[in-house]
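# Structural description and commentary
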Number of protein chains: 2
Amino acid sequence: MTDSAKPLGEFDLIERFFKNRANQQLKNHPEIHLGIGDDCALIGLEKSLNTSGLKDLAISTDMLVEGRHFLPNADPYLLGHKCLAVNLSDLAAMGARPLGFTLAIAMPEVKAAWLEAFSNGLFDLANQHQCPLIGGDTTAGPLTISITVFGRVSGSEALARHKAQVGDDIWVSHQIGDARLALGSLRLEWPLSTEEFNVVSARMHAPTPRVELSQKLLGIAHAAIDISDGLLGDLSHILLQSKVSAEVLIDQVPGSDVLNSKSLELQRLCKLSGGDDYELCFTASTEKSAAINNLSKELGLALTKIGKITSSSTQLITLIDGDGHPLPPNLSAQYLKSFDHFK
Amino acid sequence: MTDSAKPLGEFDLIERFFKNRANQQLKNHPEIHLGIGDDCALIGLEKSLNTSGLKDLAISTDMLVEGRHFLPNADPYLLGHKCLAVNLSDLAAMGARPLGFTLAIAMPEVKAAWLEAFSNGLFDLANQHQCPLIGGDTTAGPLTISITVFGRVSGSEALARHKAQVGDDIWVSHQIGDARLALGSLRLEWPLSTEEFNVVSARMHAPTPRVELSQKLLGIAHAAIDISDGLLGDLSHILLQSKVSAEVLIDQVPGSDVLNSKSLELQRLCKLSGGDDYELCFTASTEKSAAINNLSKELGLALTKIGKITSSSTQLITLIDGDGHPLPPNLSAQYLKSFDHFK
């Protein structure tokens with residue numbers, strides 16, 4: 001047998017596709033004193049404080065399950081990208097700078113080609129954000145991937161959910177709804193041409209965590225969240241924790257050309273209730289509008305005002321249509337249903 | 001319907017069984033600036049340095065899968081205990097003091113009674129070690145639990161795997177092999193009386209992470225590991241990383257009364273290759289023997305010398321029997337097979 005045809009054990013594969021590359025990443029991270037290979041990783045707190053000046057460690061964890069968060073036979077490269085992307089997106093929602101991550105993965109069997117592609121997707125994104133893999137666990141089981149990600153931020157500056165203020169504008173980055181549009185096509189809820197599907201499914205499979213944007217929003221924005229479960233559901237977390245309400249101009253929510261070519265009803269469904277876009281929704285006082293528009297130009301990334309934070313009322317979110325009228329209650333209720341993983 | 005009979009949604013249940021109790025725990029942890037409920041948890045690095053004097057954050061992650069790490073229909077209280085225990089055991093293997101943990105869990109369905117018992121087992125152990133839940137994710141899927149645990153240690157003192165030195169004694173805590181003895185009975189590899197099974201299965205279901213012992217070993221021991229995959233397999237990680245070899249006096253490895261009543265062959269199998277005991281295996285120079293024996297008395301916990309670290313040789317581990325003779329190569333090889341989750 002040639003070397004590449006030799007069946008490899010779990011440890012060899014982890015060594016080849018994860019450990020060696022992870023340790024390679026650590027060379028530029030003197031604050032990580034110990035990476036993969038011991039019972040624990042070690043991060044030097046003093047060194048981390050000294051090199052970054054940021055006083056808090058931000059931590060987020062996510063679990064992605066085959067058949068629930070991604071399709072069986074999902075492209076392993078894109079899957080590796082997405083698993084880390086959704087976690088980096090949580091850091092972005094806080095304004096935290098990536099520091100490192102751990103990976104726990106259950107797989108039904110060890111396939112070198114799959115692992116190679118998966119780890120390529122993972123490390124390509126990790127390297128792009130200088131975010132090394134510092135620990136992990138591999139086991140047999142239904143394909144399930146859990147990542148815990150670490151970042152640095154100063155707590156007082158962090159874009160926490162409880163910091164929205166009455167009078168703030170509500171903004172979103174880029175475009176909302178493509179991931180839902182792609183999912184609906186896969187579920188046969190509506191048809192898309194192959195060309196349309198290829199465009200919008202890229203947003204579902206390979207979301208871009210808004211890490212750079214979020215760094216620049218520190219000191220500008222108040223509250224932020226990443227849109228993973230749907231714009232209105234995610235916004236409601238900000239509202240509840242900030243004890244405020246909101247008016248959302250639903251037809252101002254930016255969509256892609258493909259989505260904008262669809263019926264108003266489908267656009268609203270995808271933009272308001274669709275998840276998985278991983279764009280940022282954030283609030284900022286109106287006097288920061290010019291700064292935000294400048295930031296948009298600097299980054300080449302659309303940032304769009306979609307509503308206002310209002311004082312707390314019995315109606316958490318009021319949806320306003322393109323003519324400035326509130327949506328009828330029954331239609332409104334349909335979009336406001338919150339997302340529940342077990343429904 | 002009475003209140004307790006009302007079906008609860010995911011968010012209500014997480015609120016009731018996790019979030020409220022987690023936030024309760026945080027009251028005694030001023031260095032945790034933000035717990036569950038935002039995109040990320042925030043740990044104040046400066047405050048953590050000031051209150052503990054410990055300069056490194058230790059991080060470990062584990063994933064437990066139904067049917068692999070625990071039986072379908074496992075008692076949810078014990079499962080909650082065990083999931084956290086195996087992670088605290090990783091901190092113990094490093095000498096780190098628990099600081100907090102995140103929990104990601106996939107469940108096929110939401111059952112309040114199950115969640116209540118699971119969270120009770122989890123929080124009872126967490127509270128015992130002042131280790132609050134600081135973040136999490138819940139989703140639908142095959143029952144899979146991933147915990148990432150955080151602790152504090154000073155890196156220079158940490159009981160890292162690469163620190164074993166030639167001439168060190170090898171020690172283990174308490175007794176080894178009961179978890180394997182219980183598992184074998186469940187697998188019908190050998191019979192146990194109900195009474196015997198009840199005694200030894202408690203070790204499998206409710207392991208005790210040696211957190212207190214490990215704190216006290218700082219400055220005394222060199223290298224340490226927790227026995228999760230089997231004594232010889234786990235010891236081999238220390239040996240490989242420290243670039244040394246070892247002699248193990250296999251009949252000195254301490255077992256329980258139940259295990260010691262079995263054949264020598266079964267005793268050796270359970271003690272050398274069995275996993276899941278979560279006792280500590282550590283190395284220390286011979287001059288520390290008196291200090292270790294005193295520590296054993298102080299904690300009321302047996303600590304037993306089971307071998308020696310030797311200079312690196314082609315034979316990583318030499319097994320010595322009760323008469324001081326090396327085991328025949330074929331018998332030795334049988335115990336030295338390393339554990340592989342995919343075999």
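Source: prediction; values computed, not measured.

### Quick look at the domain arrangement of chain A
Residues and elements named next belong to chain A. For chain A, the assigned domains read domain 1 (8–153) and domain 2 (161–324). Distance from the C-alpha centre of domain 1 to the C-alpha centre of domain 2: 27 Å. Taken together, the 18 residues of domain 1 in the interface contact 17 residues of domain 2. Of the roughly 1,400 Å² buried between domain 1 and domain 2 on both sides combined, carbon and sulfur atoms contribute 62%. Scanning the region where domain 1 abuts domain 2 turns up one salt bridge.

### Considering the relation of the copies chain B and chain A
Between chain B and chain A, the superposition needs a rotation of 180 degrees and an axial shift of 0.0 Å, giving an RMSD of 0.0 Å. Seen this way, the second copy is the image of the first under a two-fold rotation axis. Interface overlap between copies: 99% of the residues of chain B at the interface are likewise at the interface in chain A, consistent with a symmetric, same-surface contact.

### Focus: the sheet that holds strand β6 (residues 144–153) of chain A
Reading across from one edge, β5(A)-β4(A)-β6(A)-β3(A)-β2(B)-β1(B) is the order of the six strands in this open sheet, with mixed pairing throughout. Strands with a single pairing partner mark the edges of an open sheet, and in this sheet they are β5 (133–140) of chain A together with β1 (32–34) of chain B. Direction aside, neighbouring strands of the sheet carry axes that sit 20 degrees apart on average. In the sheet, strand β4 (residues 97–107) of chain A pairs with β5 of chain A via seven bridges, with the strands oriented parallel. Considered in β5 of chain A, the bridge of F101 of chain A is made with L133 of chain A.

### Thoughts on the interface of chain B and chain A
On the chain A side, the residues contacting the 71 residues of chain B number 70 residues. When chain B packs against chain A, the two sides together hide about 5,400 Å² of surface, and 62% of this comes from carbon and sulfur. Along the contact surface separating chain B from chain A lie six salt bridges. Linking D38 of chain B and R161 of chain A is a salt bridge whose minimum nitrogen-to-oxygen distance equals 3.6 Å. Inspection of the region where chain B meets chain A yields 21 residue pairs in polar contact (both at pLDDT 80 or more). Counting residues per element, the side of chain B that touches chain A draws most heavily on strand β3 (residues 56–65) of chain B, which supplies nine residues. For the side of chain B that touches chain A, the per-class residue count stands at 35 nonpolar, 22 polar and 14 charged. Two elements, strand β3 (residues 56–65) of chain A and strand β2 (residues 41–44) of chain B, share four bridges in a ladder whose sense is antiparallel. Residue pairing for β2 of chain B: L57 of chain A is matched across the bridge by I43 of chain B.

Calculation rules
Residues numbered from 1 in each chain as written. Chains lettered and ligands numbered in written order. Predicted model: local features only at pLDDT ≥ 70, side-chain atom pairs only at ≥ 80, totals over all residues. Heavy atoms only, no water. Domains from an automatic or database assignment. Contact = heavy atoms within 4.5 Å. Buried area = accessible area lost by both parts, 1.4 Å probe. Salt bridge = Lys/Arg side-chain N within 4 Å of Asp/Glu carboxyl O. Least-squares fit on C-alpha atoms with pLDDT ≥ 70 in both. Pairing = 2+ DSSP bridges. Helix = DSSP H or I, 4+ residues; strand = E, 2+ residues; numbered from the N terminus. Axes fitted to C-alpha atoms, helices over the stretch in contact; angles between N-to-C directions. Polar contact = N/O pair within 3.5 Å; in protein donor to acceptor, adjacent residues only side chain to side chain. Nonpolar A, V, L, I, M, F, W, Y, C, P; charged D, E, K, R; others polar.

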